[in-house]
Amino acid sequence: VQLVESGGGLVQPGGSLRLSCAASGFTFSSYDMRWYRQAPGKERELVAGISTTGGSTNYADSVKGRFTISRDNAKNTVSLQMNSLKPEDTAVYYCRAMRALYDYWGQGTQVTVSS
């Protein structure tokens, strides 16, 4: 089982980034997917989630209207489009796959928002 995040980097405030998470080793379309983030000295927090079919999504209040989660079950990927980025969005971003007792995490990708 692997979840590999990509797309992180350094971006100026107001800029955009698109994170991707490539899944392998399990039936991706059967798993709810989530993005989390963890800033230095803070607890890991849920950013966004998406259901197996993509028909249901949810977002943390802090990112509503700026971030969009999506998935492509044919390509076994989940993405997070991040717009209007703020310095407080700086964190390591992780994807997570969840189904019943099964729970997988990626290694994370660093996002830094700074001028």
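Parameters at a glance
- Residues numbered from 1 in each chain as written.
- Predicted model: local features only at pLDDT ≥ 70, side-chain atom pairs only at ≥ 80, totals over all residues.
- Heavy atoms only, no water.
- Salt bridge = Lys/Arg side-chain N within 4 Å of Asp/Glu carboxyl O.
- Helix = DSSP H or I, 4+ residues; strand = E, 2+ residues; numbered from the N terminus.
- Buried < 20%, exposed > 50% of the residue type's maximum accessible area, 1.4 Å probe, protein only.
- Pairing = 2+ DSSP bridges.
- Axes fitted to C-alpha atoms, helices over the stretch in contact; angles between N-to-C directions.
- Disulfide = S-S within 2.5 Å.
- Phe/Tyr/Trp six-rings, centres within 6.5 Å; stacked < 30°, edge-to-face > 60°.
- Lys NZ or Arg CZ within 6 Å of the ring centre and 35° of its normal.
- Contact = heavy atoms within 4.5 Å.

**A short note on the pattern of salt bridges**
Part 1: Applying the stated criterion across every chain, the model contains 5 salt bridges.
Part 2: Measuring nitrogen to oxygen at the nearest pair gives 2.9 Å for the salt bridge that ties R37 to D89. With R37 in strand β4 (residues 32-38) and D89 in the loop between β8 (77-82) and β9 (91-99), this residue pair connects regions lying 52 residues apart in the sequence.
Part 3: Residue R37 is classed as buried on the basis of its relative accessible area, which comes to 6%.
Part 4: When its relative accessible area of 1% is taken as the criterion, D89 is described as buried.
Part 5: Measuring nitrogen to oxygen at the nearest pair gives 3.2 Å for the salt bridge that ties D61 to K64.
Part 6: Taken together, the shared-partner salt bridges in this structure form one network comprising R37, E45, R66 and D89.

**Side note on the sheet that holds β8**
Hydrogen bonds between backbone atoms are what pair the strands of a sheet, whose relative direction is either parallel or antiparallel.
Part 1: Taken in spatial order, the 4 strands of this open sheet run β1-β3-β8-β7, and their pairing is antiparallel. Two strands bound the open sheet, and with one partner strand each, they are β1 (2-6) and β7 (67-72). Direction aside, the axes of adjacent strands within the sheet are offset by 15° on average.
Part 2: With 6 bridges joining them, β7 and β8 adopt antiparallel strand pairing. Bridge assignment links S70 to a residue of β8, and that residue is S79.

**A word on the state of the cysteines**
Part 1: Tallied over the full model, the rule gives 1 disulfide.
Part 2: Residue pairing for C21: its cysteine sulfur links by disulfide to C95, the two sulfurs lying 2.0 Å apart. Linking C21 and C95, the disulfide has an S-S dihedral of approximately 45° and is accordingly described as right-handed. With C21 in strand β3 (residues 17-24) and C95 in strand β9, the pair connects residues that are 74 residues apart, well separated along the chain. Accessibility classification places C21 together with C95 in one group, the buried group.

**Considerations on the packing of aromatic side chains**
In this description, a pair of aromatic rings is defined by centroid distance and the angle of the planes.
Part 1: Applying the stated rule across the entire model yields 6 aromatic pairs.
Part 2: Between F26 and F28 the ring centres are 6.5 Å apart and the planes differ by 50°, which places this aromatic pair in the tilted class. The two residues F26 and F28 agree in class, both being buried.
Part 3: Judged by centre distance (4.7 Å) and plane angle (65°), the rings of F26 and Y31 are edge-to-face.
Part 4: Overall, the relative accessible area of 5% leaves Y31 in the buried class.
Part 5: The ring of Y94 is capped by R44, whose NZ or CZ atom sits 3.8 Å from the centre of that ring.

**Notes on the environment of K86**
Part 1: Structurally, K86 is set in the loop between β8 and β9.
Part 2: Spatially, the C-alpha atoms of K86 and V113 are 6.1 Å apart, while their sequence positions differ by 27 residues.
Part 3: Sequence-distant contacts of K86, defined by excluding residues within four places in its chain, comprise R66 and V113.

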